[in-house]
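Examining the three-dimensional arrangement
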Amino acid sequence: MGPKAVRQVERVGPYNRVLKAAPSTVLRVADIGDVPMRSRFDLEGCHADIEEFFGSLAASDLVPLAVGR
C-alpha cells in the first residue's frame, strides 16, 4: 500500500503548509515508478536490483529520491 499512498498525496494538493511552498512548482520532479525487481523472494537480488537502478539514475546526472522503507 506504500507506493500507492505516496502517489495519492498529490491528490490532496500540491501546497505543503509546513514548507509554505508548492514543491512541484519549484523543483523538476518525476515519478518514474518502482524499482524493477527480478524476484521479490531473493533479498540479496533485490538489493542488487536497487543498487543497479539507482546507479543508472546517478550515472544520468539525476538525483534519486526514494520514499518508503
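Residues numbered from 1 in each chain as written. Predicted model: local features only at pLDDT ≥ 70, side-chain atom pairs only at ≥ 80, totals over all residues. Heavy atoms only, no water.

**Observations regarding the environment of Pro 64**
With respect to the secondary-structure elements, Pro 64 resides in the segment after helix H3 (43-59). Relative accessible area serves as the criterion here: at 33%, Pro 64 is assigned to the partly exposed category. As a C-alpha pair, Pro 64 and Ile 32 span 32 residues in sequence and 9.8 Å in three-dimensional space. Pro 64 has contacts with Phe 54 and Leu 57, leaving out every residue within four places of it along the chain. (Helix = DSSP H or I, 4+ residues; strand = E, 2+ residues; numbered from the N terminus. Buried < 20%, exposed > 50% of the residue type's maximum accessible area, 1.4 Å probe, protein only. Contact = heavy atoms within 4.5 Å.)

**Observations regarding the pattern of salt bridges**
Across all of its chains, the model carries one salt bridge by this definition. One salt bridge in this structure joins Asp 49 and Arg 38, with 2.4 Å as the shortest N-O distance. One end of the pair, Asp 49, is in helix H3; the other, Arg 38, is in the loop between helix H2 (23-26) and H3, and eleven residues separate them in sequence. Residue class for Asp 49 comes out buried when judged on its relative accessible area of 6%. (Salt bridge = Lys/Arg side-chain N within 4 Å of Asp/Glu carboxyl O.)

**What to know about the packing of aromatic side chains**
What the rule picks out here adds up to one aromatic pair. Judged by centre distance (6.1 Å) and plane angle (75 degrees), the ring pair of Phe 53 and Phe 54 falls under edge-to-face. Residue Phe 54 is classed as partly exposed on the basis of its relative accessible area, which comes to 25%. (Phe/Tyr/Trp six-rings, centres within 6.5 Å; stacked < 30°, edge-to-face > 60°.)

**Quick notes on H3**
End to end, H3 covers 24 Å across 17 residues, agreeing with the expected 24 Å (1.5 Å per residue, within 8%). Following H3 by one or two positions, Asp 61 adopts a phi angle in the positive range, close to 60 degrees. (Expected span 1.5 Å × (residues − 1).)

Geometric descriptors of this kind do not, in isolation, establish any biological role.
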